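Okay, here's what each chain looks like letter by letter:
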Amino acid sequence: MEAVIRVENVTKRFGDVVALDHINVRFESGNIYGIIGRNGSGKTVLFKTMIGYIKPTDGRVVVGGKEIGKDIDFADNMGIIIENPGFLSRYTGYKNLEYLASIRKRIGRERIRESMERVGLDPDSRKKVGKYSLGMRQRLGIAQAIMENPDILILDEPMNGLDNQGVKDVRNILLECKREGKTIILASHNKEDIAVLCDTVYEMDQGRFTASPSQSGKL
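Residues numbered from 1 in each chain as written. Predicted model: local features only at pLDDT ≥ 70, side-chain atom pairs only at ≥ 80, totals over all residues. Heavy atoms only, no water.

Chemist: An account of the side chain of Lys-182 is requested, with residue identities and associated values reported.
Modeler: Of note, Lys-182 is situated in the loop between α5 (164-179) and β8 (183-187). The class for Lys-182 is buried, based on a relative accessible area of 7%. Residues in contact with Lys-182, not counting those within four places in the same chain, are Ser-29, Gly-30, Asn-31, Asn-149, Pro-150, Asp-151 and Cys-177. (Helix = DSSP H or I, 4+ residues; strand = E, 2+ residues; numbered from the N terminus. Buried < 20%, exposed > 50% of the residue type's maximum accessible area, 1.4 Å probe, protein only. Contact = heavy atoms within 4.5 Å.)

Chemist: Would you mind going over the state of the cysteines in detail, with residue names and values included?
Modeler: Cysteine pairs can be linked by a disulfide, which is a covalent bond between their two sulfur atoms. Applying the stated criterion across every chain yields a total of 0 disulfides. With no disulfide of its own, Cys-177 has Cys-198 as its nearest cysteine by sulfur position, at a separation of 14 Å. (Disulfide = S-S within 2.5 Å.)

Chemist: Can you lay out a nonpolar patch on the surface for me, pointing to particular residues and giving the numbers?
Modeler: Residues Leu-88, Tyr-91, Tyr-99 and Ile-103 make up a contiguous nonpolar surface patch of about 420 Å² in total accessible area. Within the secondary structure, Tyr-91 sits in the loop between β6 (78-81) and α2 (93-104). Taking relative accessible area as the criterion, Tyr-91 reaches 37% and is therefore assigned partly exposed. (Patch = residues over 30% accessible without salt bridge, like charges linked within 9 Å, V, L, I, M, F, W, Y side chains within 5 Å. Areas by Shrake-Rupley, 256 points an atom, 1.4 Å probe, with all protein chains shown as cover. Salt bridge = Lys/Arg side-chain N within 4 Å of Asp/Glu carboxyl O.)

Chemist: Please give an account of the environment of Arg-109 that cites residues and values.
Modeler: With respect to the secondary-structure elements, Arg-109 resides in helix α3 (residues 109-118). On the basis of relative accessibility, which here comes to 60%, the residue Arg-109 falls in the exposed class. Each C-alpha atom of the pair Arg-109 and Lys-55 lies 35 Å from the other, and the pair is 54 residues apart in sequence. Once you skip the residues sitting within four places of it in the chain, Arg-109 turns out to touch Tyr-94 and Glu-98.

Chemist: Go over empty space enclosed by the protein, please, and point to the residues and values.
Modeler: Applying the stated criterion to the full structure yields 1 cavity of 30 Å³ or more. By volume, the largest cavity is sized at about 40 Å³. Of the residues in the lining of the largest cavity, the class split is 4 nonpolar, 1 polar and 4 charged. For the lining of the largest cavity, the domains that each give at least three residues are domain 1 (1-77 + 151-219) and domain 2 (88-149). (1 Å grid on protein atoms, 1.4 Å probe; cavity = no way out; pocket = protein on both sides within 12 Å on 5 of 7 lines; lining within 4 Å. Points joined across faces, edges and corners; volume = space filled by probe spheres on them. Nonpolar A, V, L, I, M, F, W, Y, C, P; charged D, E, K, R; others polar. Domains from an automatic or database assignment.)

Chemist: Run through the nonpolar core, naming residues and quoting values.
Modeler: Leu-97, Leu-140, Leu-153, Leu-155, Leu-174, Ile-184 and Leu-186 are the most contacted members of the largest nonpolar core, which has 35 residues in total. Residue assignment for this core shows that the elements contributing at least two residues are β3 (32-36), α2, α3, α4 (134-146), β7 (152-156), α5, β8 and α6 (191-197). There are two domains that each give this core at least three residues, and those are domain 1 (1-77 + 151-219) and domain 2 (88-149). For Leu-153, the residues in contact, after removing those within four places along its chain, are Gly-79, Ala-145, Ile-146, Leu-174, Cys-177, Thr-183, Ile-184 and Ile-185. Among the nonpolar cores identified, the runner-up in size contains 30 residues, and Leu-20, Val-25, Ile-51 and Ala-75 belong to it. (Core = buried A, V, L, I, M, F, W, Y, C linked by side-chain atoms within 4.5 Å.)

Chemist: Let's hear about the pattern of salt bridges: which residues, and what values?
Modeler: Counting across every chain of the model gives 19 salt bridges. Of the charged contacts, one joins Asp-76 and Arg-106 as a salt bridge, the two residues approaching to 3.1 Å between their closest N and O atoms. Of this pair, Asp-76 sits in the loop between β5 (66-67) and β6 while Arg-106 sits in the loop between α2 and α3, and the two are 30 residues apart along the sequence. Arg-106 gets classed as partly exposed once you look at its relative accessible area, which sits at 42%. Arg-139 is the partner of Asp-163 in a salt bridge, and the nearest nitrogen-oxygen pair spans 3.5 Å. Taken together, the residues Asp-163 in the loop between β7 and α5 and Arg-139 in helix α4 connect sequence positions 24 residues apart. On the basis of relative accessibility, which here comes to 12%, the residue Arg-139 falls in the buried class. Look at the salt bridges and you will find they share partners, linking Arg-6, Glu-8, Arg-60 and Glu-67 into a network.

In structure tokens form, the structure reads like this:
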């Protein structure tokens, strides 16, 4: 099967610091991949390189047959959560998503409402995002990531701040996305999330994959 994302011999240096060290990995559709490792291990830098936010020092990233930074600047078929989702605090959750959706004009109001309801948020709520709890902001971030029905989800700590019900809801959404044939790559500190969700798991340390990938979520 042709890989949806190919990371080929990617190295990223920040001055004398090697954040990614000759990373080679392929991600295929219809699978959930887990990337685990301590803070500073390189997970977030790898994600930002795959998205196109960071240009590799060496190597290349190919998404859907197109090289990031050469054929395209960013892949337009990705839903993304990197670090803390950023929203306009003076606006409601719905207004934030409506504004983001207006950039590419791919979806309408009904799809925005559906995405919010899917993650357990009320699209009619007048509560401003500045008054949201961390868990509510994270739910809104998930809604934003899925609302345009992307082929690829890249999620850095998607369960951050969620209560038990929120974790169950997001796990179910990700498993539904897998059944739809999407490619999902997530980083998590929670071993249960990794075990429940992931088909293949990679462990990172000091910018390298430190072991052969584990299958079926068994570390």
